Each structure stands twice: as structure tokens, then as C-alpha cells.
Amino acid sequence: GILLAGAAMFVAQRGWLAEPLGLTRAAELTLGIALTAAVLWVTEAVPLFVTSLVVLALELVLLPPQLGDSGSGALFLNAFFSDVSLLFLGGFVLSAGIQRAGLDRLVSHQVMKRAGRSPTRVVVAMMAVTSLLGVWMSNTAACALMLGLGGGMLSRVSAGDGFRKALLLGIAYSSNMGGLATPVSSPPNAIVMRYLEAEGTAPGFAGWMSLAVPLLLVMQTLLVLYLGRRFPSGVKEIPLDETPPPAFGAPQRVVLAVFLLTVLGWVFGQKVGLTSGTVALLPVVVFFGTNLLRTAELRTLPWDVVLLIGGGLSLGAAVDQSGLASWAGALLPVEHVSPFVLEGTVAVLAVVISAVMSNTAAINLIAPIVMGLPGVDHSRLLLIAAFAC
């Protein structure tokens, strides 16, 4: 992978692509950077966030002289350390605070207590809680938490019963589905929001939810029907965990209040001139300022994801600024393709690519290509790509 990436960058650096492909020098170098990033992201020859830093370094060294603007490096830096990065930092801190206060366990316990004991009700309740947690915290963390809660149920059901597979698959799929709901639910959403903001067509936090939540509900319903038919259970009642939930004291009240204020800020902040990244500072300041979270928790935040997001946005800025997006778009015969076929193609491409590599890296590669397509609804295609990833 490293050798292939080095070869791609070497060819671009030598200037062997400009004349055959009809590229400007800036676009040729950007193509080399994009190919280098694609090879490293697909092969994972180095950690994904390292590739993002490689992209930024190559852009800062190679592109400003070719763009004729010594200050153009700031464009790539601004894209890398953008409002989106701050948005996700706030989301991660909010998730850490929820976990530290035990609100995730409290919510799941209360839901399961009221769901009943039939296998279908238990699976539906576990899936609903997993999706809800996946909206506001890492999908991986939500899945791990719910698998821990479901482990006790599995141990009380015979090994061959369909409930076991239905529960495990329901939790796994629901944690991913929760990532659809808001711009902060998963990195592809935030990356696409950045592109939409540049286009002036960003739907806003509430607007995104109005698009994604119905899709989430439809997918959850279909999944429940499929799992119930595919893995029927022979058990009438599922024994539930009787461990008492965490206490609801002052720390839990603080976290809940900050959570509600942050969500309200994300939904309505644009009306008073607050960006999502600015609102995301609230949980950071409050949680660390009150010692609810400490420096040790700050060090354990997934900074690699923040860097990965920044690399993709920086690459997108280079593709647009260098003219590579326009060049690539002109090569694709989209004028005679129906919108439905084009949207289906983007969706399938996103599903296939994200099935074999990081969802974030996949959208990093797809979004600049979509933005370069001429005469199409970029906003619609970007949303389709994000949901598919």
C-alpha cells in the first residue's frame, strides 16, 4: 500500500499526467494527493488519521506555489480544523459525560423495565435503546454497552433459540442505524454537512433530522420484521436483569441539563447566529470545568476520528480549489443519465466502498467526486452518499 501510494505521488510530482490527461499542474498534484490518500485509506497501510496528516502536509508543501497564492495554505488548514471538528469534539465530550454519569444505563434500564418480557418486545426495546444511544454517542460504544446489558439475557436462553441471534444482530444493526439521525451521529454526516454549508444548502440540525429520522424508523421496522421471521423464538418470557439502575443525583442532573441545552442549541442555534461547533463548546466547558470529566478522559477521546474528518475536508478543498473536481466532472457523462439512475449509482458506490473500508474514509473519497459533477443536485447526492455510507 505504501509503495503504491508513493508511486502515485511520484508520477504526479514528475509531471507525467498533466499533458495526457489535460490537467493543470495544480490539478495534477491534487490528483496525486487524492490517489495517495485513496490507496492508504483502502489498504490501511498506515493508521487512517496518519493518511489525513499526510494529505494536509502534501497540500501545504505542493499546492500554494501552483495556485499562485502564498496564503492558499490557510484554505487547507481552515478546512482541516473547521467548525465540523469542533462539533465532533463536543459530541465526543457529551458522550463521555453521559457514560460517566451512567445516564445511558439508566435510560436502558427504564426502557427494558417497561418493555415486557416477550422475546419480540425485548428485541424491539433493545434495538430502540441502541439506536437512541447511537444518535448521541459512538456507535461502537452504544453497541458495546447494549451487548453488555444483553449478555445476561442470552445466558438465560438455550443456545439454539432464535432470540439469541435476533438480539445480537438487532443491536449491531441498530447501533449503525442510530448514526443516521443527526449531523453529529456519525462522521460521514458531519463531512457532508460541511460540503452542504459551502454550497449554501445545508439543511440545519432539525432539517437533517426531518430527513433522517423517518428513514431510521422505516429501516428499524423492516429489521424487526425480518429478524422476527428469520429467527423465531420458542421462549415465552425472557428473564430480565434485576440489577438496580444508577442513582439519579446531582451529576446526572447536570449532564441531562447540558445535554438538553446542547441539543436545543444545535436545533435552534442558527437562528441566533450560533454555529453547531460553537454550541458544542458547552459540554466541553461545563463537564471539564466542573470536574465531571478530568484530563484523563480528555486524553482518551477519539482524536483520530477528528483528524480523519479534517483530512477528508482538506482533501475536498484541494480538489475544488485546484480545478480537479471540474475536470473529473466533465469526464462523467451525467447529462444523459436520469436522476434516479445517478442517485442509485452513488448509493451503490457508497455502500460498496464503505463495506470494505472506513465509512469516514469512504465519504472522504466520494464527496469530492459528487461535487465535481456538472448540472446535478449536489445536495441530494451528498445526502444519499452519507446515508449509504
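On a predicted model such as this, the values are computed, not experimentally measured, just so you know. (Residues numbered from 1 in each chain as written. Predicted model: local features only at pLDDT ≥ 70, side-chain atom pairs only at ≥ 80, totals over all residues. Heavy atoms only, no water.)

Helix and strand counts for the protein come out as 21 helices and zero strands. For the protein, the C-alpha radius of gyration of 23 Å lies close to 21 Å, the compact-globule estimate for 389 residues. With respect to the three principal axes, the spread of C-alpha positions in the protein is 70 × 50 × 40 Å. Looking at the 389 residues of the protein, the share that counts as buried comes to 48%. Within the protein, residue pairs in contact and separated by at least 24 positions form 76% of the contacts whose partners lie at least 6 positions apart. Accessible surface, the protein: about 18000 Å² in total, of which carbon and sulfur atoms supply 66%. The centroid of the 20 positive side-chain charges in the protein is displaced by 17 Å from the centroid of its 19 negative side-chain charges. (Helix = DSSP H or I, 4+ residues; strand = E, 2+ residues; numbered from the N terminus. Rg over C-alpha atoms; globule rule 2.2 N^0.38 Å. Buried < 20%, exposed > 50% of the residue type's maximum accessible area, 1.4 Å probe, protein only. Contact = heavy atoms within 4.5 Å. Areas by Shrake-Rupley, 256 points an atom, 1.4 Å probe, with all protein chains shown as cover. Lys, Arg positive; Asp, Glu negative; His and termini not counted. Charge placed at Lys NZ, Arg CZ, Asp CG, Glu CD.)

With that settled, consider the packing of aromatic side chains. Tallying each qualifying case throughout the model produces three aromatic pairs. Here F80 and F81 contribute two aromatic rings whose centre-to-centre distance is 4.8 Å and whose plane-to-plane angle is 55°, an arrangement assigned as tilted. (Phe/Tyr/Trp six-rings, centres within 6.5 Å; stacked < 30°, edge-to-face > 60°.)

Quick look at unusual backbone geometry now. Positive phi is not limited to glycine here, since E44 has a value of about 50°. Considering the arrangement of structural elements, one finds E44 in the loop between helix 3 (25-43) and helix 4 (48-67). For N291, which is not glycine, the phi dihedral falls at a positive 65°. Mapped onto the secondary structure, N291 falls in the loop between helix 15 (281-289) and helix 16 (295-299).

Moving on, we get to the nonpolar core. Core analysis: the largest hydrophobic core is formed by 111 residues, its most contacted members being W41, F163 and W266. Beyond its immediate sequence surroundings of up to four residues, W41 is in contact with L48, T51, S52, L308, G311, G312, L315, M357, A361, N364 and L365. (Core = buried A, V, L, I, M, F, W, Y, C linked by side-chain atoms within 4.5 Å.)

Where charged atoms from two side chains of opposite charge approach closely, those side chains can pair. Under the defined criterion, the tally for this structure stands at three salt bridges. The partner of E28 in a salt bridge is R25, with the nearest N and O atoms 2.7 Å apart. Of this pair, E28 and R25 both sit in helix 3, three residues apart, which is roughly one turn of that helix. Classification of E28 as buried rests on a relative accessible area of 0%. We classify R25 as partly exposed; its relative accessible area is 27%. The partner of R100 in a salt bridge is E297, with the nearest N and O atoms 2.5 Å apart. Taken together, the positions of R100 in helix 6 (residues 83-101) and E297 in helix 16 put the pair 197 residues apart, joining distant regions of the chain. Given the relative accessible area of 42%, R100 is considered partly exposed. (Salt bridge = Lys/Arg side-chain N within 4 Å of Asp/Glu carboxyl O.)

With that settled, the discussion passes to the packing of helix 3 against helix 17 (residues 303-321). For the pair helix 3 and helix 17, the least separation of the axes is 10 Å and the interaxial angle reads 150°. With respect to helix 17, the element helix 3 is oriented roughly antiparallel. Here helix 3 runs over helix 17; the crossing is left-handed. Listed contacts from helix 17 to T30, I33, A34, A37 and W41 of helix 3 are L308, G311, G312, L315, A318 and V319. For the contact of helix 3 with helix 17, a count of residues per class yields eight nonpolar, three polar and no charged. (Axes fitted to C-alpha atoms, helices over the stretch in contact; angles between N-to-C directions. Parallel < 35°, antiparallel > 145°, perpendicular 65-115°, else oblique. Left-handed = near helix turned anticlockwise from the far one by under 90°. Nonpolar A, V, L, I, M, F, W, Y, C, P; charged D, E, K, R; others polar.)

For the rest of this paragraph, the subject is the packing of helix 19 (residues 339-356) against helix 21 (residues 378-388). Where helix 19 contacts helix 21, the two axes come as close as 8 Å, and the packing angle between them is 30°. For the element pair helix 19 / helix 21, the angle class is roughly parallel. The way helix 19 lies across helix 21 gives a crossing that is right-handed. Contacts from L342, E343, V346, A347, A350, V351 and S354 of helix 19 reach helix 21 at R380, L381, I384, A385 and A388. Partitioning the contact of helix 19 with helix 21 into residue classes produces nine nonpolar, one polar and two charged.

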